[in-house]
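Architecture at a glance
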Amino acid sequence: MLPDDSSAAQSVDMRKPSGIHRRRGADRQWKSKSLYGVNPSTQLGPKAALCQDATLTIQDPSSQKLKWCKAPINALVIRKPGDREVDKVYKEVIELLVSKNLRLYVEEKTVDDMELSAQCVSMLTQYNGERDNLSDKVDFIVTLGGDGTLIHASSLFQNSVPPILAFNMGSLGFLTPFDVDGMGSAVDKALAGEMSLTLRTRLKCVIGQKNESDCVPHIKDLENGQTHKSSRLASYSVVNEVVIDRGPSPYLCHIELYVDRRHITSVQGDGLIISTPTGSTAYAAAAGASMMHPSVPAILVVPVCAHSLSFRPIVLPAGVEITIMVSPDARNTAWAAFDGRCRTELKHGDSLRITTSIYPLPSLCKRGQLEDWFGSLAECLNWNVRKSQKALDLELHSNTTTTNSSASLDSLADELTLT
């Protein structure tokens, strides 16, 4: 329950659910409260409780707001390639950010044919995404494109990711809430720290080759900076999903699924999707999974055309370690793709381990977590869009009902007479 506030209670319209009427209101104190942002009691009845080492918290979406510990100095600008409309906006963004005294990192060859002032050129540094490490150099990211551009920006930062201001210039734009028309205002608010954040959970994925399964440490330890003596480990951070499929083989994809080292089931079908809540509106939704808000701490396991009518999508708690291996009885190998990229073959004996990354993707909100998400559902996916049922003409309906009832009684009386 919300705290008892007599002054606030007097202004509540009891005909509407609490909070609906004040969505655009100026009551900042009320807005900071959240039914979901609570710390559940660790007391379990009169004589039981969680052990002292256990913590039980539920994330408060309203508390996720941008705060600059130091003023940002370096910004990364990433653009969608091969789009003339983006070319024009790209130049405007560079000039705008330089006017804010930000030094910019841009991808190689993206500004070669662009006419820029000497001041802009002096503030630019070109980088190669496959060669250069930007982890400790970038304070702020601006993307111009669609969801793929945002995912590409995430792939450049395997650990901590700077805040991302994503402008929609792509095909769908489910994850990019900002319009380029309000670019100046959005940049000013972001640099002033006056925006909410959506911390989009990412997945940490580690591939261990044959005969390495037993010696690879828990991948949570790898995330904390520990390394392993084997140089053959491949690691990826994923925003949407990991897809394991049968590749070019005509046979079923036959893989074994483990959760925290316990064998759960054998998967036989076209493949398996391990998805984040953010990815639940992507491939996972097409495969029949429920769509989840990105703030929900969870991992989705979704079969792709499973050869079993009872294999339905499931939701696991965030933080569990999922292990996938090709079944010893499989007639072929399997293939894994990470956000649609880095396609890798999984051979017999190889293992793919997946867990929740401790480094989320901080995406800046245009209006708020819930408003942006439901807006994207409606605008991009046409969620629950249909023609409204026509209302009844009450007077005509009443007369028709009375007439039909009388006719039914007369026909019933005639049948009884005949019998």
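Scroll up to find the structure this text is about.
Residues numbered from 1 in each chain as written. Predicted model: local features only at pLDDT ≥ 70, side-chain atom pairs only at ≥ 80, totals over all residues. Heavy atoms only, no water.

1. Details of the side chain of Ser-376
Where we set the bar: Only runs of H or I of at least four residues qualify as helices and only runs of E of at least two qualify as strands under DSSP, and these elements are numbered from the N terminus. Relative accessibility thresholds used throughout: buried, under 20% of the residue-type maximum; exposed, over 50%; partly exposed, between the two (1.4 Å probe, protein chains only). Note on contacts: a residue pair qualifies if any of its non-hydrogen atoms lie within 4.5 Å across the two residues.
Summarising the element assignment, Ser-376 is placed in helix H9 (residues 369-381). Take Ser-376: its relative accessible area is 10%, and that puts it in the buried class. In this view, Ser-376 contacts Phe-174 and Leu-381; residues no more than four positions away in its chain are not counted.

2. A word on the nonpolar core
So the rule is basically this: Definition used in this section: a nonpolar core is a set of buried Ala, Val, Leu, Ile, Met, Phe, Trp, Tyr and Cys residues joined via side-chain atoms within 4.5 Å.
With 34 residues, the main nonpolar core has Ile-94, Leu-97, Leu-104, Leu-165, Phe-167 and Leu-364 as its most contacted residues. Contributing elements (two or more residues each) for this core: strand E3 (74-79), helix H3 (84-99), strand E4 (103-107), strand E6 (140-145), strand E7 (164-168) and helix H6 (183-192). By residue number, the principal contributor to this core is H3, which donates eight residues. Setting aside chain neighbours within four positions, we find Phe-167 in contact with Val-142, Thr-143, Leu-144, Gly-145, Thr-176, Phe-178, Asp-179, Val-180, Met-183, Ala-186 and Val-187. Counting 29 residues, the second largest nonpolar core, distinct from the first, contains Val-267, Ala-336, Phe-338 and Leu-346.

3. Considering unusual backbone geometry
Despite not being glycine, Arg-261 shows a phi value in the positive range, around 70°. Among the secondary structure elements, Arg-261 is positioned in the loop between strand E12 (253-259) and strand E13 (262-275). Its identity is not glycine, yet Asp-339 carries a phi of approximately 55°, on the positive side. With respect to the helices and strands, Asp-339 occurs in the loop between strand E17 (334-338) and strand E18 (341-346). Classification of Asp-339 as buried rests on a relative accessible area of 14%.

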